[in-house]
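Fold and geometry: a report
For reference, the chains in residue letters:
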Amino acid sequence: MKKIVSLILIACMILSFAGCSSSGKETLKVAISPDFAPMEFVDTTKTGQDKYVGFDVSLAKFIAEELGMELEIMPMSFDACQVAVQTGSVDMSISGFSWTEDRAANYNLSDYYYAGENETEQVIITIAANADAYPTAESFSGKKVAAQNASLQLELCKSQLPADCEIVEVGDLTTAFLQLQNGDFDALAVAKGQADVFIANNPGAIAICGFEFEVDAAYEANVIMLPKGADELTAKVNEILAKAYAAGYYGEWYAEALELAGAETSVDVSYDDDGNVAG
Ligand code: ARG
């Protein structure tokens, strides 16, 4: 009896060391910050791992499947995702990362993948009542503008908004959006795709400011972030990205993500002369 118990214990230890799941497959740990619709967000009607949805989640599932591994989504804040990759507590992070010089120096970055038009434009949103208040960078003088910690948007704020604009670093964009509506700051810097989702879900409440960031083409598509030196896995990920692209999955995943985020249907809505939804 004792022998059996210790054999079972040893088997369990081996399995957990190898990162095995109940299916017997190895686990692929992917960090995401699920506050960035349509790339990664939470479907509140679901529970457990199923509640994480969006383009990057579809991509993560495809990568795990191609690697013959079991996917484990590890939700955390956007800056924590980057720390988790750096310390190796996850295999990679797929979280709408833009390529940046800084990240390229500190991580292994995959080839680009292109998720619709999510980040071809970078904008600042504000409450609808102030829609016309910010036509230029200078108009943010003396104002409070929020951006996510450790993000491209934060860098854009620091480099393109006036020196006397107060930049507020926020950890979570879902919370930041509520804070914006609550008046905690004047405006929030976000990817255009996310601005569209916020607006579609809060019609009439939010507006995109006239000022728009200038963005280098290098920042328009996304990359997967892996630990520096994880060259073998990075090469495999690049092969899988090429395969997904060739199969035409990117467009499918993006359309699906937009629909789940409630963005597509609202974009399609048309109104009659009385302002009622037509059809
Ligand atoms: N693309 C931007 C960046 O890399 C924003 C990404 C934010 N992603 C997220 N899951 N919150 O900094």
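Let me begin by describing the structure that accompanies this report. (Residues numbered from 1 in each chain as written. Predicted model: local features only at pLDDT ≥ 70, side-chain atom pairs only at ≥ 80, totals over all residues. Heavy atoms only, no water.)

A closer look at the packing of helix H2 (residues 55-67) against helix H8 (residues 231-246)
Across the interface, H2 lies against H8 with an axial gap of 10 Å and an inter-helix angle of 115 degrees. The angle between H2 and H8 places the two elements in the roughly perpendicular class. Like other packed secondary-structure pairs, H2 and H8 cross with a definite hand, here right-handed. Contacts from Leu59, Phe62, Ile63, Glu66 and Leu67 in H2 reach Leu233, Lys236, Val237, Ile240, Leu241, Lys243 and Ala244 in H8. Grouping the constituent residues of the contact of H2 with H8 by class yields 9 nonpolar, no polar and 3 charged. (Axes fitted to C-alpha atoms, helices over the stretch in contact; angles between N-to-C directions. Helix = DSSP H or I, 4+ residues; strand = E, 2+ residues; numbered from the N terminus. Parallel < 35°, antiparallel > 145°, perpendicular 65-115°, else oblique. Left-handed = near helix turned anticlockwise from the far one by under 90°. Contact = heavy atoms within 4.5 Å. Nonpolar A, V, L, I, M, F, W, Y, C, P; charged D, E, K, R; others polar.)

Looking at the site of the ligand
Residues in contact with the ligand amount to 15 residues; listed here are only the nearest, Gly96, Ser98, Arg103, Glu119 and Leu152. The separation between a nitrogen atom of the ligand and a polar main-chain atom of glycine 96 is 2.7 Å. Residue glutamine 148 places a side-chain N or O atom 2.9 Å away from a nitrogen atom belonging to the ligand. Protein chains shield 100% of the accessible area of the ligand, which is 350 Å² for the free molecule. (Near = heavy atom within 4 Å. Polar contact = N/O pair within 3.5 Å; in protein donor to acceptor, adjacent residues only side chain to side chain. Areas by Shrake-Rupley, 256 points an atom, 1.4 Å probe, with all protein chains shown as cover.)

Remarks on the packing of aromatic side chains
Inspection of the entire model under this criterion finds 15 aromatic pairs. For the pair phenylalanine 177 and phenylalanine 198, a centre-to-centre distance of 3.8 Å together with 5 degrees between the ring planes defines the contact as stacked. Taken together, the residues phenylalanine 177 in helix H6 (residues 173-182) and phenylalanine 198 in helix H7 (residues 192-201) connect sequence positions 21 residues apart. Note on phenylalanine 198: relative accessible area 11%, which makes it buried. By the ring-pair criterion, three or more aromatic residues cluster together here, those being Phe55, Phe62, Tyr113, Tyr245, Tyr249, Tyr250, Trp253 and Tyr254. (Phe/Tyr/Trp six-rings, centres within 6.5 Å; stacked < 30°, edge-to-face > 60°. Buried < 20%, exposed > 50% of the residue type's maximum accessible area, 1.4 Å probe, protein only.)

A word on the sheet that holds strand E11 (residues 206-212)
Taken in spatial order, the 5 strands of this open sheet run E9-E8-E10-E7-E11, and their pairing is mixed. Edge positions in the sheet fall to strand E9 (166-170) and E11, since each of these pairs with one other strand and no more. Going from strand to strand, the sheet's axes swing by 35 degrees on average, the running direction of each strand aside. As paired elements, strand E8 (residues 144-148) and E9 share 5 bridges and run parallel to each other. Each bridged residue has a counterpart across the sheet, and for lysine 144 the counterpart in E9 is glutamate 166. Where H7 meets the sheet, its contacts fall on strand E7 (122-127), strand E10 (187-191) and E11, and the angle it forms with E10 comes to roughly 120 degrees. (Pairing = 2+ DSSP bridges.)

Topic: the pattern of salt bridges
Taken as a whole, this structure holds 4 salt bridges when the rule is applied. Between glutamate 66 and lysine 243 there is a salt bridge whose closest N-O contact spans 2.9 Å. With glutamate 66 in helix H2 and lysine 243 in helix H8, the pair connects residues that are 177 residues apart, well separated along the chain. Overall, the relative accessible area of 45% leaves lysine 243 in the partly exposed class. (Salt bridge = Lys/Arg side-chain N within 4 Å of Asp/Glu carboxyl O.)

Thoughts on the sheet that holds strand E12 (residues 222-226)
Pairing is mixed across the open sheet formed by 5 strands, whose spatial order is E4-E1-E5-E12-E6. Of all the strands in the sheet, just strand E4 (70-75) and strand E6 (108-109) have a single pairing partner and so form its edges. Two strands pair when backbone bridges link them, and strand E1 (residues 27-32) and strand E5 (residues 92-98) are joined in this way by 2 bridges, in the parallel orientation. Following the sheet pairing, valine 30 is matched in E5 by methionine 92. Together, E1, E5 and E12 form the strand contacts of helix H3 (residues 78-87), whose direction differs from that of E5 by roughly 130 degrees.

With respect to a negative patch on the surface
A cluster of acidic side chains, namely Glu101, Asp102, Glu155 and Asp216, defines a negative patch on the protein surface. Tracing the backbone through its elements, the reader meets aspartate 102 in helix H4 (residues 101-106). (Patch = residues over 30% accessible without salt bridge, like charges linked within 9 Å, V, L, I, M, F, W, Y side chains within 5 Å. Lys, Arg positive; Asp, Glu negative; His and termini not counted. Charge placed at Lys NZ, Arg CZ, Asp CG, Glu CD.)

Focus: the nonpolar core
Of all hydrophobic cores here, the largest spans 44 residues; its most connected members are Phe55, Leu59, Ile94, Tyr113, Ile125 and Ile224. Of all the elements, H2 adds the most residues to this core, at 7 residues. Ignoring anything within four residues of it in the chain, the contact list for isoleucine 94 reads Val30, Ala31, Ile32, Glu40, Asp56, Leu59, Ala60, Ile63, Tyr113 and Ile224. Among the nonpolar cores identified, the runner-up in size contains 18 residues, and Phe140, Leu152, Ala189 and Phe211 belong to it. (Core = buried A, V, L, I, M, F, W, Y, C linked by side-chain atoms within 4.5 Å.)

Overview of unusual backbone geometry
Looking along the chain, the bond that leaves alanine 37 and enters proline 38 is cis, with omega of 5 degrees. Look at alanine 150: it is not a glycine, yet its phi comes out positive at around 60 degrees.

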